[in-house]
Amino acid sequence: MIMYKKAFMLLFSLFFLMFMASCGNADSVTSKSVDTNAPVIESITQKSGTGGDIIDIYVNYDASKYGRDDFSVLIDGVKVELTTKYLSGKQFEFALPLNLEAGKKSIAVELGGKKSNEVEYEILKPEITSIDLSEISFMYYNEVSVIIGGNNLGFSKDKVKVTLNERELEIETVYKTGIKVILEKGISSGDLVVYVNGKEMKTFPITISES
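Just so we're clear, the structure is a prediction, and the values are computed from it rather than from any experiment.

Engineer: Lay out the overall build of the protein in plain terms, naming residues and giving numbers.
Structural biologist: Assigned secondary structure in the protein consists of 1 helix and 19 strands. A separation of at least 24 residues holds for 58% of the contacts in the protein among residues at least 6 apart in sequence. A total of about 13000 Å² of accessible surface is found on the protein, and carbon and sulfur atoms cover 53% of it.

See below:
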């Protein structure tokens with residue numbers, strides 16, 4: 001009889017230890033997977049755009065008690081450097097960095113080392129559509145400005161190249177809908193080729209006359 005009691009107590013102890021261990025594991029999994037202090041993105045005002053566009057994100061609590069530099073933005077999981085950002089109430093506004101490759105991206109914010117949920121954002125493909133001058137005369141000028149029209153040109157000048165007869169032209173400025181280049185006297189007629197982010201985009205025939 002005593003042996004049965006000892007065996008019963010031993011089995012009971014083993015089951016009790018196993019039960020406590022399983023409860024401990026469940027608690028540890030729950031604490032790791034749930035983080036109630038992480039910021040939550042409730043909405044985003046834009047779903048697509050290009051580099052330099054202003055994005056408005058709304059979070060789940062009053063963010064104005066934090067400084068602008070307390071917020072970080074992650075695109076595809078990588079922190080990005082922001083040149084413009086603004087914080088007011090639940091709204092966090094920032095400018096997308098330049099030179100982003102086209103395609104679907106995930107945007108998240110981070111506060112105090114805690115990452116939010118991710119929202120989808122599409123970077124639109126750059127387009128080159130037109131040129132304002134296809135016939136150029138240097139009769140009265142030593143240089144002429146030419147505007148190349150386009151869309152989604154969220155790129156810095158070093159990511160854009162324009163050539164005429166394989167001679168690289170000076171780029172004065174790049175903005176979302178155009179590229180302004182300088183043509184100097186002495187250049188000859190030929191094909192003007194536009195490259196964006198290392199990719200050839202468009203070719204325009206240009207006629208140059210001295211008179």
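Read on, since the account is not over.
Engineer: Please provide a residue-by-residue account of the nonpolar core, values included.
Structural biologist: Core analysis: the biggest nonpolar cluster contains 25 residues, and I148, V162, I179, V181, L183, L192 and V194 have the highest contact counts within it. Listed by contribution, the elements that provide at least two residues to this core are strand 11 (127-131), strand 13 (143-151), strand 14 (160-164), strand 16 (170-175), strand 17 (178-184), strand 18 (190-196) and strand 19 (199-209). When near neighbours in sequence (up to four residues on either side) are disregarded, L183 contacts I136, F138, N142, E143, V144, V146, L164, L169 and I208.

Engineer: Break down the sheet that holds strand 18 for me, with residues and values.
Structural biologist: Strand order in this open sheet of 5 strands is 12-19-18-14-15, and the pairing throughout is mixed. The sheet is open, and its two edges are formed by strand 12 (135-137) and strand 15 (167-168), each paired on a single side. One ladder, built from 2 bridges, connects strand 14 with strand 15; its direction is antiparallel. By the bridge assignment, T163 is partnered in strand 15 with E168.

Engineer: A description of the pattern of salt bridges should follow, citing residues and the corresponding values.
Structural biologist: Summed over all chains, the structure comprises 8 salt bridges. Note that K85 is salt-bridged to D69, the shortest N-O span being 3.4 Å. Of this pair, K85 sits in strand 6 (residues 85-88) while D69 sits in the loop between strand 3 (54-59) and strand 4 (71-75), and the two are 16 residues apart along the sequence. Judged by its relative accessible area of 18%, K85 falls in the buried class. Judged by its relative accessible area of 67%, D69 is exposed.

Engineer: Before we move on, could you go through the pairing of strand 17 and cite the residues and values that matter?
Structural biologist: Burial analysis of strand 17 places 5 of its 7 residues in the buried class, the great majority of the element. Inspection of the sheet shows strand 13 paired to strand 17 by 7 bridges, in the antiparallel sense. Bridged to I148 within strand 17 is I179. Here strand 16 pairs with strand 17 via 5 bridges, running antiparallel. Within strand 17, the residue paired with T173 across the bridge is K180.

Engineer: Please give an account of a nonpolar patch on the surface that cites residues and values.
Structural biologist: A cluster of nonpolar side chains, contributed by M139, Y140 and Y141, occupies part of the molecular surface with about 410 Å² of accessible area. Along the polypeptide, Y141 turns up in the loop between strand 12 and strand 13.

Engineer: Can you explain the packing of aromatic side chains? Please cite residues and give values.
Structural biologist: This structure, assessed with the given rule, holds 2 aromatic pairs. Among the aromatic residues, ring-to-ring pairing joins F71, F92 and F94 into one connected group. Seen from the ring of Y195, K161 lies directly overhead, with NZ or CZ sitting 4.9 Å from the centre.

Engineer: Summarise the environment of D191; cite the residues concerned and give the values.
Structural biologist: Mapped onto the elements of the fold, D191 is located in strand 18. Sequence spacing of D191 and T163 is 28 residues, and the spatial spacing of their C-alpha atoms is 8.0 Å. Sequence-distant contacts of D191, defined by excluding residues within four places in its chain, comprise T163, L164, N165, T203, F204 and P205.

Engineer: How would you summarise the confidence of the model for the protein if you had to cite specific residues and measurements?
Structural biologist: Interpretation of this model should avoid reading the predicted coordinates in detail wherever pLDDT is low. Mean pLDDT over the protein: 84, with 82% of residues reaching 70 or higher. In the predicted structure, residues 2-8 sits below a pLDDT of 50 and forms 0 contacts with residues beyond four places in sequence or in another chain. Under a pLDDT of 50 for its full length, residues 23-34 has, in the predicted model, 0 contacts with residues more than four places off or in other chains.

Engineer: Outline unusual backbone geometry, supporting the account with residue identities and numerical values.
Structural biologist: We note that N165 has phi near 55 degrees; this positive angle belongs to a residue other than glycine. Mapped onto the elements, N165 comes out in the loop between strand 14 and strand 15. One non-glycine residue, E166, lies in the positive phi region at around 70 degrees. Here E166 lies in the loop between strand 14 and strand 15.

Here is what the cut-offs are and how they apply
- Residues numbered from 1 in each chain as written.
- Predicted model: local features only at pLDDT ≥ 70, side-chain atom pairs only at ≥ 80, totals over all residues.
- Heavy atoms only, no water.
- Helix = DSSP H or I, 4+ residues; strand = E, 2+ residues; numbered from the N terminus.
- Contact = heavy atoms within 4.5 Å.
- Areas by Shrake-Rupley, 256 points an atom, 1.4 Å probe, with all protein chains shown as cover.
- Core = buried A, V, L, I, M, F, W, Y, C linked by side-chain atoms within 4.5 Å.
- Buried < 20%, exposed > 50% of the residue type's maximum accessible area, 1.4 Å probe, protein only.
- Pairing = 2+ DSSP bridges.
- Salt bridge = Lys/Arg side-chain N within 4 Å of Asp/Glu carboxyl O.
- Patch = residues over 30% accessible without salt bridge, like charges linked within 9 Å, V, L, I, M, F, W, Y side chains within 5 Å.
- Phe/Tyr/Trp six-rings, centres within 6.5 Å; stacked < 30°, edge-to-face > 60°.
- Lys NZ or Arg CZ within 6 Å of the ring centre and 35° of its normal.
- pLDDT = per-residue confidence, 0-100.

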